[in-house]
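Structural features, examined
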Amino acid sequence: MNWKYDIQNFEPDVKISLTRVGITNLKKLVRLKRKNKRPIILLSTFEVFVNLPSSQKGIHMSRNPEVIERIIDEALEIDSYEMETICEEIVKGLFKKHEYATEAEVFMVSDFMTKEKSPISGKYSQEIHKIMGGARGIKKEDRIELTKIVGAEVVGITACPCAQNLIKEISIKNLKEKGFSNEDIEKIVDSVIFATHNQRGIGRIILEIPTGYDIEIMEIIDIIKKSMSAEICGILKRSDEAYVVEQSHKNPKFVEDCVREMAKRIVEKFKHLPDETKVLIRQINMESIHRHDAYAEKVSTLGELRKEIENE
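Throughout this description, residue numbers start from 1 for each chain and increase along the sequence as written. With pLDDT at 70 or above as the cut-off, local features in this predicted model cover only qualifying residues; side-chain atom pairs require 80 or more to be listed or tallied, and sums for whole chains, interfaces and linings still use all residues. Based on all heavy atoms of the structure, the side-chain values leave hydrogens and waters out of the count.

1. A short note on the pairing of strand E2 (residues 37–52)
Should DSSP find at least two bridges between two strands, the strands are taken to pair. Secondary structure elements follow DSSP: runs of H or I no shorter than four residues count as helices, runs of E no shorter than two count as strands, and numbering proceeds from the N terminus. Here strand E1 (residues 18–34) runs beside E2; their pairing, made up of twelve bridges, is antiparallel. Paired with Arg34 across the strands is Lys37, a residue of E2. With antiparallel pairing between neighbouring strands as the criterion, E1 and E2 make up a hairpin whose turn holds two residues, including Asn36 at a positive phi of roughly 60 degrees. Bridge count for E2 against strand E3 (residues 103–117) is seven bridges, and the pairing is antiparallel. Counterpart to Thr45 in the pairing with E3 is Val109.

If you want it as structure tokens, here you go:
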């Protein structure tokens, strides 16, 4: 059939433009080659969008997975290819397939396996993190402005400072009632770790950066891990369990603390990134003694974060 008679090319009944039209939950196997290393195999879930003008009834949906398939196949022939680079190429391909579009966006999420060691016994286990890659493109006359997206999501543990302080106050009161001197109580308080309730924390960082700048995904994963009360492992022996519990209770954090710590570490780590870099930081703490979860978020540019931290 001649494309001129495709129903998608007709004018819509209601002539308004649409910001994003495309497909979600598209799963593809992606193989990333690395120099002098084994390739990384990822089962990735894609979201692919273009904008739609008010004169066009619909987009040609089948063209989106077609572009992704071609770019993924081409990535196998390149020595080193990153998730965000694949997404940049997909965006370029979308503009070729959707001539009417002036904006295009691709986002992919994958499970990423790392080999990590428990803190005391040194036992190795496979740990799964979520990694994100993406790209956005804006067509301006004869050129395309591209930004790329890099991010990760990591699970850790947090300990509640508020409950811990309440337990500490109750313990000091009980010691006084039993006749302990203030000097002895001070020694006891300095020597013991007070109980509190824990949460499984889920930290996420997504950075949108101009083309020409690079970030190692493990650097983002490391920032998220270190911004919670303690790291967790798949295999923990008794000595490891004691260490993780002790460390988390020595380093209690609210959900807000985790987001602020991630922001601080991002500013310290990524000095080479420009001020216009967009930053999304999110922390969800899955409560143990409440039926709800705790949530905190920071959306900013890197330049704005730098100014806030300089002026604190």
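What follows picks up the thread again.
2. Some thoughts on the nonpolar core
Considering soluble globular proteins, one finds that nonpolar side chains tend to be buried as a cluster. Definition used in this section: a nonpolar core is a set of buried Ala, Val, Leu, Ile, Met, Phe, Trp, Tyr and Cys residues joined via side-chain atoms within 4.5 Å. Under the scheme applied here, a residue whose accessible area is under 20% of the maximum for its type counts as buried, over 50% as exposed, and between as partly exposed, the area being computed with a 1.4 Å probe on protein chains only. Ranked by size, the top nonpolar core spans 60 residues in total, and within it Phe46, Ile90, Leu207 and Ile220 carry the most contacts. Residue contacts are counted whenever heavy atoms from the two residues lie within 4.5 Å of one another. Excluding its chain neighbours within four sequence positions, the residues that come into contact with Phe46 are Ile23, Thr24, Asn25, Leu26, Lys28, Val30, Ile68, Ile72, Ile90, Val106, Phe107 and Met108.

3. Structural notes on the environment of Leu52
Within the secondary structure, Leu52 sits in strand E2. Residue Leu52 is classed as buried on the basis of its relative accessible area, which comes to 3%. Placed 19 residues apart in sequence, Leu52 and Ile71 show a C-alpha to C-alpha distance of 23 Å. For Leu52, the contacting residues outside a window of four places in its chain are Ser17, Leu18, Val21, Lys57, Gly58, Ile59 and Tyr100.

4. Regarding the packing of helix H7 (residues 255–269) against helix H8 (residues 302–310)
With axes taken as lines fitted to C-alpha atoms, and helix axes fitted only over the stretch in contact, angles between N-to-C directions fall between 0 and 180 degrees. Direction vectors running N to C along H7 and H8 enclose 105 degrees, while the axes themselves pass 10 Å from each other. Compared by their axis directions, H7 and H8 come out roughly perpendicular. Only Leu302, Leu305, Arg306 and Ile309 of H8 make contact with H7, whose side of the interface consists of Ala263, Lys264, Ile266 and Val267. Nonpolar residues are Ala, Val, Leu, Ile, Met, Phe, Trp, Tyr, Cys and Pro. Charged residues are Asp, Glu, Lys and Arg, and all others, Gly as well, are polar. Tallied by class, residues from the contact of H7 with H8 come to six nonpolar, no polar and two charged. Should an angle fall under 35 degrees it is called roughly parallel, over 145 degrees roughly antiparallel, and 65 to 115 degrees roughly perpendicular, with every other angle called oblique.

5. Observations regarding the environment of Thr301
Looking at the element boundaries, Thr301 is found in strand E8 (residues 293–301). Given a relative accessible area of 23%, Thr301 falls into the partly exposed group. Linking Thr301 and Asp275, residues 26 residues apart in sequence, is a C-alpha distance of 6.5 Å.

6. Considerations on the sheet that holds strand E6 (residues 198–210)
Judged by pairing direction, the sheet is antiparallel, and its eight strands sit side by side in the order E1-E2-E3-E4-E5-E6-E7-E8 without closing on themselves. This sheet does not close on itself; its edge strands, each paired only once, are E1 and E8. Between one strand axis and the next, the sheet turns by 15 degrees as a mean value, whatever way the strands run. Where strand E5 (residues 143–159) lies against E6, 13 bridges are found, and the strand directions are antiparallel.

7. Some points on the packing of aromatic side chains
Two rings from Phe, Tyr or Trp (for Trp, the six-membered ring) form a pair when their centres are within 6.5 Å of each other. A pair whose planes differ by under 30 degrees is stacked, one over 60 is edge-to-face, and the rest are tilted. Going through the model one piece at a time under the given rule, you end up with zero aromatic pairs. Positioned over the ring face of Phe49 is Arg20, at 4.2 Å from the centre of the ring. Put simply, a charge is over a ring when the Lys NZ or the Arg CZ is close to the ring centre, within 6 Å, and near the line of the ring normal, within 35 degrees.

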